[in-house]
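Single-letter residue listing:
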Amino acid sequence: MIQGLAISTVWTFDQQRTKAFFTEKLGFEIRADLAIGDLRWITVGAKDQPGVELALMSVDGPGLDAESAEALRRLVAKGAIGAGAFRTDDCRGDYETFRARGVEFVQEPKERPYGIEAIFRDDNGNWYSLTQRSEELDFSKEF
């Protein structure tokens with residue numbers, strides 16, 4: 001039986017630079033950084049969520065044929081890939097903190113029917129939602 005999401009892929013042009021983005025700008029921790037043959041396996045994750053990791057996968061790494069790798073490179077460079085949504089308890093505060101660290105936001109915090117949301121890009125162009133759910137939609141709390 002599926003117990004939940006464990007690892008999700010973030011496509012990168014430079015794994016070292018992206019690792020620095022997630023650790024230095026967003027405050028994530030490194031979970032793994034090792035070489036497996038031609039593959040460099042780097043994962044990062046939020047400190048308070050040990051069971052979920054982001055695998056920082058090179059768009060030029062093994063496993064993709066040349067045509068697929070080129071299509072992926074174009075999509076990532078274009079900023080067309082949404083890589084996920086990060087939950088926060090202080091969207092406006094995190095927005096200010098991350099912006100001061102050089103994170104590029106394409107949308108400042110805005111009130112939405114589900115809470116407060118800002119949208120930012122990583123160092124490759126992948127975009128993320130930074131979402132503070134409204135009290136009535138906070139599924140982390142018991143009802």
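These numbers were taken from a predicted model, which means no experiment stands behind them. (Residues numbered from 1 in each chain as written. Predicted model: local features only at pLDDT ≥ 70, side-chain atom pairs only at ≥ 80, totals over all residues. Heavy atoms only, no water.)

Visitor: Honestly, the sheet that holds strand S4 (residues 53-58) in this entry has me stumped. Any pointers?
Guide: What links the strands of a sheet is backbone hydrogen bonding, and the strands pair in either a parallel or an antiparallel sense. With respect to topology, four strands assemble into an open sheet ordered S1-S4-S3-S2, the strand pairing being mixed. The open sheet terminates on both sides in strands that have one partner only, identified here as strand S1 (7-12) and strand S2 (29-36). Taking the axes of each pair of neighbouring strands and ignoring which way they run, one obtains an average angle of 25 degrees across the sheet. Looking at chain direction, S2 and strand S3 (residues 39-45) are connected through seven bridges and run antiparallel. Looking across to S3, one finds that Glu29 is bridged to Gly45. (Pairing = 2+ DSSP bridges. Helix = DSSP H or I, 4+ residues; strand = E, 2+ residues; numbered from the N terminus. Axes fitted to C-alpha atoms, helices over the stretch in contact; angles between N-to-C directions.)

Visitor: Any chance you could explain helix H1 (residues 15-25) here in plain terms?
Guide: Each α-helix turn comprises 3.6 residues. Residues three or four places apart therefore point the same way. Along H1, the positions that sit buried rather than exposed are Gln15, Thr18, Lys19, Phe21 and Phe22. Along the long axis of H1, the arc covered by the buried residues comes to 155 degrees, so they all point the same way. Of the residues flanking the end of H1, it is Gly27, one or two places downstream, whose phi is positive at about 80 degrees. (Buried < 20%, exposed > 50% of the residue type's maximum accessible area, 1.4 Å probe, protein only. Arc of directions from axis to C-beta.)

Visitor: Mind showing me how you'd approach the sheet that holds strand S8 (residues 127-133) here?
Guide: Read from one edge to the other, the open sheet built from four strands follows the order S5-S8-S7-S6, with strand pairing classed as mixed. The open sheet has two edge strands, strand S5 (82-87) and strand S6 (104-112), and neither has a second partner. Pairs of neighbouring strands in the sheet enclose a mean axial angle of 15 degrees, with direction left out of account. As defined by bridge partners, S6 adjoins strand S7 (residues 115-121) across six bridges and the pair is classed as antiparallel. Pairing of Arg112 across the sheet is with Gly115, part of S7.

Shape is all these values report; function is a separate question.
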